[in-house]
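The chain contents come next:
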Amino acid sequence: MIEVIQNLGRWGLGHIEWLGRGNIFLFRVLGGLPSLFLRFPLVIQQLHSVGVLSLMLILIAGLFVGMVLGLQGYNTLVDFGAEESLGVMVSLSLVRELGPVVCALLFAGRAGSALTAEIGLMKSTEQLSGMEMMAVDPIRRIIAPRFLAGIISMPLLAAVFSAVGIMGGFLVGHGLLGVDDGAFWSQMQVKTDWYDDVLNGVIKSVVFGFVVSWIALFEGYDATPTSEGIGRATTRTVVHSAFAILGLDFVLTALMFGEE
Amino acid sequence: MQSKSTEITVGIFVAVGIAALFVLAMKVSNFTEFNDEEGYQVVAEFENIGGLKVRSPVTMAGVRVGRVSDISLSSETYNAKVTLTLYGKFNTIPTDTAASIYTAGLLGEQYIGLEAGAEDDYLQQDDIIDLTQPALVLEKMIGQFLFSKTEGE
């Protein structure tokens, strides 16, 4: 009986400790950000591996998500004789929700897991402790550039995703299903608000970029330095990122579009 | 030259991202409308505004001349006080212009339609439009229709 309670206590303490480590880690990374302006090439290198290499995936995924939205939306809207609203439907669902969320999920799978594995491997091969021995702070040299690159690339990727998705919706809607292109664009422009929709979507994607980079880097930094530990850390990155993205998306949506 | 090609691809990536944002702003959203934000405000009181919202369009003969910038309840008359922002270039709207609330299509969005009067004076900042016609509330109309049907029997 006592043992069960003890186990429960250990489990709870372990999680609180883990949360505490995560937050301390975040503050150390944030503290390391200002010094990056002196070493911006490091960030550019990470922008390449985090952002540029994810671009192809985002472009293709965005195009197909937009095309599917166009098809499904048309089938529903045509019953009401409102197929001209297809543009509004595609643009609002992409700009408000799917752009930031799907892009962040893909980003966590493509870039987040790679970051975790990279950092975890650096830890297990003792490159990080090696740096500390040479009085180089690995948080500033290794972690902070990746963190900043994640935050910068997420909103850019989400914007590309939304724009390509809208093009995909237009291709299917106009090219395949014959929705009038003038109505498609003009209704979209009337109903999509720059501040309420586009800018809030950008804010969402910045928040997601922050959270995904944080989780990915922390899991790598905190990984058990064995090959099994790195594997588990990579899995945790994807799972926790997905939870965090979807949960935060609900909170942000409630804050942004809750009261109308 | 690894770093050079890295820098070039990152440059392209950032440019593509910013271009996508630009497309979203210009082509998808109503960002361009904020350019003619400057205009003048006039107030109109309506008995009932139905589903009118802030940022709903204000049109004259179907041409968009402004938008609704504020909606509040008048504490004296209990009418809806609607502030319209009319674009600066439409500065020759007569003072006895009438404002009515219409619905775009059967179930569409509601908007304010202006009908020009014959007065020689033009609407200025903070003027009040006196001639207003409230929104048609469908339920009310159905109620009246049923009432008049049963009355005849």
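Reading the values: the criteria
Residues numbered from 1 in each chain as written. Chains lettered and ligands numbered in written order. Predicted model: local features only at pLDDT ≥ 70, side-chain atom pairs only at ≥ 80, totals over all residues. Helix = DSSP H or I, 4+ residues; strand = E, 2+ residues; numbered from the N terminus. Buried ≥ 20, exposed ≤ 12 C-beta atoms within 10 Å, placed from the backbone. Contact = placed C-beta atoms within 7 Å. Domains from an automatic or database assignment. Core = buried A, V, L, I, M, F, W, Y, C linked by C-beta atoms within 7 Å. Nonpolar A, V, L, I, M, F, W, Y, C, P; charged D, E, K, R; others polar. Expected span 1.5 Å × (residues − 1). Pairing = 2+ DSSP bridges.

K.L.:
Explanation requested: the overall build of chain A in the structure shown.
P.N.:
From N to C terminus, chain A includes eight helices and zero strands. Along chain A, from the amino end to the carboxyl end, the secondary structure elements read α-α-α-α-α-α-α-α. Looking at chain A as a whole, 43% of its 260 residues qualify as buried. Taking contacts inside chain A between residues at least 6 apart in sequence as the whole, the part at least 24 apart equals 87%.

K.L.:
Explain the domain arrangement of chain B here, please?
P.N.:
Note on interface size: it is often stated as the accessible area lost on association of the parts. Taken domain by domain, chain B comprises domain 1 (2–31) and domain 2 (37–137). Taking only C-alpha atoms into account, the centre of domain 1 of chain B sits 40 Å from that of domain 2 of chain B.

K.L.:
Would you explain the nonpolar core in this entry?
P.N.:
Generally speaking, nonpolar side chains in soluble globular proteins are found buried as a group. Judged by nonpolar contacts, the single largest core of 69 residues is most densely connected at A:A104, A:L157, A:V160 and A:L217. Contributing elements (two or more residues each) for this core: α2 (40–77), α3 (86–124), α5 (138–176), α6 (181–191) and α7 (194–222) of chain A together with α1 (2–28) of chain B. Top element by residues in this core is α5(A). It accounts for 19 residues. Excluding its chain neighbours within four sequence positions, the residues that come into contact with A:L217 are A:L115, A:I119, A:I143, A:R146 and A:F147.

K.L.:
When you look at the interface of chain B and chain A in this model, what are you seeing that I'm missing?
P.N.:
Opposite the 18 residues of chain B that make contact, chain A presents 24 residues. The residue inventory of the side of chain B that touches chain A, partitioned by class, reads twelve nonpolar, five polar and one charged.

K.L.:
Explain helix α8 (residues 227–257) of chain A to me, please; I cannot follow it from the model alone.
P.N.:
Two residues of an α-helix separated by three or four positions point the same way, owing to the 3.6 residues in each turn. With 31 residues, α8(A) ought to run about 45 Å at 1.5 Å a step, and its terminal C-alpha atoms sit 44 Å apart, in line with that. Each element contacted by the buried residues of α8(A) is listed here: α3 and α7 of chain A.

K.L.:
Help me understand the sheet that holds strand β7 (residues 127–129) of chain B, please; the structure alone is not making it clear to me.
P.N.:
Pairing between the strands of a sheet comes from backbone hydrogen bonds, and it takes one of two forms, parallel or antiparallel. Residue and element names in this part refer to chain B. Strand order in the open sheet made by the eight strands is β7-β1-β4-β3-β2-β6-β5-β8, with mixed pairing throughout. Where the open sheet ends on each side, the last strands, each with one partner, are β7 and β8 (132–133). As paired elements, strand β2 (residues 57–60) and strand β3 (residues 63–73) share four bridges and run antiparallel to each other. Note that in β3 the partner of M60 across the bridge is V63.

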